[in-house]
Amino acid sequence: MDLPLDAMHDSDDEALLELYACGDAAAARALTARLGPRVLSHAHRLLADRAEAEDVTQEALLRLWRIAPDWRRGEAKVTTWLYRVTANLCTDRLRRRRGTDLDSVPEIADDQPPVEVALQRQAREQALQAALMRLPERQRQAVVLRHIEGLANPEIGQIMDLTTRAVESLTARGKRSLEVMLLGQREELGLYDDT
């Protein structure tokens, strides 16, 4: 018997995955509603292509459903496993599209009013996305997971199969590179020093 979605709100990810493995379709819906937007956001940041990010999200969740019956509680967090699968799928897609010109990367749409604020935000997002795409893949992945997704370094280490120190190093190098890349655009993007 499926539990109502409201009853699943307080269940942790592993419990929902176990319920799904036992045939509870509502658990899959609850877990998809909880994790789908995070996976999509992560994939979009790594790929800079909404359609590809949606495909990656669907594939990552399908893989989660396939491994559900074999899931062993306590070995890894569901989110850690899912971020790792998502990152690997994104890396595969990026390798297949090598040679894509940065000018062909689609702009990030932002429909938020007022127009001036939306245009400024969009310019900043585009500049950041373009700079992110110029970072080496591992640095980009570490920076996105840490500073955009807000994950802790130990969890990023698990996702990327690195030590915490290596994650810190990748993140620091990535941030320094982004600062250098974006430095000349500060005024154009409306970023002023308070000093």
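Everything below is about the structure shown above.
Computed from a predicted model, the values in this text were never measured in an experiment.

S.K.: What should I look at first to understand the overall build of the chain in this one?
M.R.: Along the chain, the regular secondary structure elements total 9 helices and 0 strands. Taking all 195 residues of the chain together, 41% fall into the buried category. For the chain, the proportion of contacts with a sequence separation of at least 24, taken over those separated by at least 6, is 60%. Summed over all atoms, the accessible surface of the chain reaches about 11400 Å², with 50% contributed by carbon and sulfur.

S.K.: Explain the packing of helix H3 (residues 25–47) against helix H4 (residues 50–67) to me, please; I cannot follow it from the model alone.
M.R.: Angle between the axes and distance between the axes: these two values describe a pair of packed helices. The interhelical angle for the contact between H3 and H4, taken along N-to-C directions, is 140°, at an axis separation of 8 Å. As summarised for this structure, H3 and H4 are arranged oblique, according to the angle between their axes. Like other packed secondary-structure pairs, H3 and H4 cross with a definite hand, here right-handed. Note on element contacts: H4 touches H3 through Arg-50, Glu-52, Ala-53, Glu-54, Val-56, Thr-57, Ala-60, Leu-61, Leu-64 and Trp-65, opposite Ala-28, Leu-31, Thr-32, Gly-36, Val-39, Leu-40, Ala-43, His-44 and Leu-47. Residue composition of the contact of H3 with H4, by class: 12 nonpolar, 4 polar and 3 charged.

S.K.: Hey, could you run me through helix H8 (residues 153–160) in this one?
M.R.: What sets the pattern is the α-helix's 3.6 residues per turn: residues three or four places apart point alike. Judged by how many residues are buried, H8 sits mostly within the fold: 6 of 8 residues are covered. Among the residues of H8, Asn-153, Glu-155, Ile-156, Gly-157, Ile-159 and Met-160 are the ones counted as buried. Following H8 by one or two positions, Asp-161 adopts a phi angle in the positive range, close to 60°.

S.K.: Whenever I open this one, the nonpolar core confuses me. Can you help?
M.R.: Soluble globular proteins tend to pack their nonpolar side chains together in the buried interior. Membership of the largest hydrophobic core comes to 36 residues, with the highest contact counts inside it found for Leu-17, Leu-31, Leu-64, Trp-65, Leu-82 and Leu-178. Considering each element in turn, this core owes the most residues, 10 residues, to H3. Excluding anything up to four places from it in sequence, Leu-31 contacts Asp-13, Leu-16, Leu-17, Gly-36, Leu-64 and Trp-65. Judged by nonpolar contacts, the second largest core, of 9 residues, contains Ala-142, Leu-151, Ile-159 and Val-167.

S.K.: Sorry, what's going on with the packing of aromatic side chains here?
M.R.: Between two aromatic rings, the relevant description is the distance of the centres plus the angle of the planes. A complete count under the given rule lists 2 aromatic pairs for this structure. Aromatic pair Tyr-20 and Trp-65: ring centres 4.9 Å apart, planes at 50°, arrangement tilted. Here the residue Tyr-20 occupies a position in helix H2 (residues 13–21), and Trp-65 occupies one in helix H4, the gap between them amounting to 45 residues. Its relative accessible area of 27% is what places Tyr-20 among the partly exposed residues. With a centroid separation of 6.4 Å and an interplanar angle of 90°, the aromatic rings of Trp-71 and Trp-81 are classed as edge-to-face. Highlighted residues: Trp-71 in the loop between H4 and helix H5 (78–96) and Trp-81 in helix H5, separated in sequence by 10 residues. For Trp-71, a relative accessible area of 13% corresponds to the buried category. The partly exposed category is assigned to Trp-81, whose relative accessible area is 22%.

S.K.: In this structure, what is going on with the pattern of salt bridges? I would like to understand it.
M.R.: Two side chains of opposite charge can pair, provided their charged atoms sit close to one another. For the structure on display, the rule yields 11 salt bridges. One salt bridge connects Arg-72 with Glu-75, and the closest N-O pair in it is separated by 2.5 Å. As far as the burial class goes, Arg-72 and Glu-75 line up, both exposed.

S.K.: Could you clarify how one ought to interpret empty space enclosed by the protein in this entry?
M.R.: One way to see where empty space is left: roll a probe the size of a water molecule over the atoms. Under the criterion given, the structure shown has 2 cavities of 30 Å³ or more. Approximately 50 Å³ is the volume attributed to the largest cavity. The wall of the largest cavity is formed by Leu-46, Ala-87, Cys-90, Thr-91, Leu-94, Glu-137, Arg-140 and Gln-141. At the level of elements, H5 and helix H7 (137–148) are the ones that each hand at least two residues to the lining of the largest cavity. By residue number, the principal contributor to the lining of the largest cavity is H5, which donates 4 residues. Partitioning the lining of the largest cavity into residue classes produces 4 nonpolar, 2 polar and 2 charged. Lining the second largest cavity we find Leu-35, Arg-38, Val-39, Thr-79, Leu-82 and Tyr-83. Going through the elements one at a time, H3 and H5 are the ones with two or more residues in the lining of the second largest cavity. Taken together, the residues of the lining of the second largest cavity break down into 4 nonpolar, 1 polar and 1 charged.

Here is what the cut-offs are and how they apply
- Residues numbered from 1 in each chain as written.
- Predicted model: local features only at pLDDT ≥ 70, side-chain atom pairs only at ≥ 80, totals over all residues.
- Heavy atoms only, no water.
- Helix = DSSP H or I, 4+ residues; strand = E, 2+ residues; numbered from the N terminus.
- Buried < 20%, exposed > 50% of the residue type's maximum accessible area, 1.4 Å probe, protein only.
- Contact = heavy atoms within 4.5 Å.
- Areas by Shrake-Rupley, 256 points an atom, 1.4 Å probe, with all protein chains shown as cover.
- Axes fitted to C-alpha atoms, helices over the stretch in contact; angles between N-to-C directions.
- Parallel < 35°, antiparallel > 145°, perpendicular 65-115°, else oblique.
- Left-handed = near helix turned anticlockwise from the far one by under 90°.
- Nonpolar A, V, L, I, M, F, W, Y, C, P; charged D, E, K, R; others polar.
- Core = buried A, V, L, I, M, F, W, Y, C linked by side-chain atoms within 4.5 Å.
- Phe/Tyr/Trp six-rings, centres within 6.5 Å; stacked < 30°, edge-to-face > 60°.
- Salt bridge = Lys/Arg side-chain N within 4 Å of Asp/Glu carboxyl O.
- 1 Å grid on protein atoms, 1.4 Å probe; cavity = no way out; pocket = protein on both sides within 12 Å on 5 of 7 lines; lining within 4 Å.
- Points joined across faces, edges and corners; volume = space filled by probe spheres on them.

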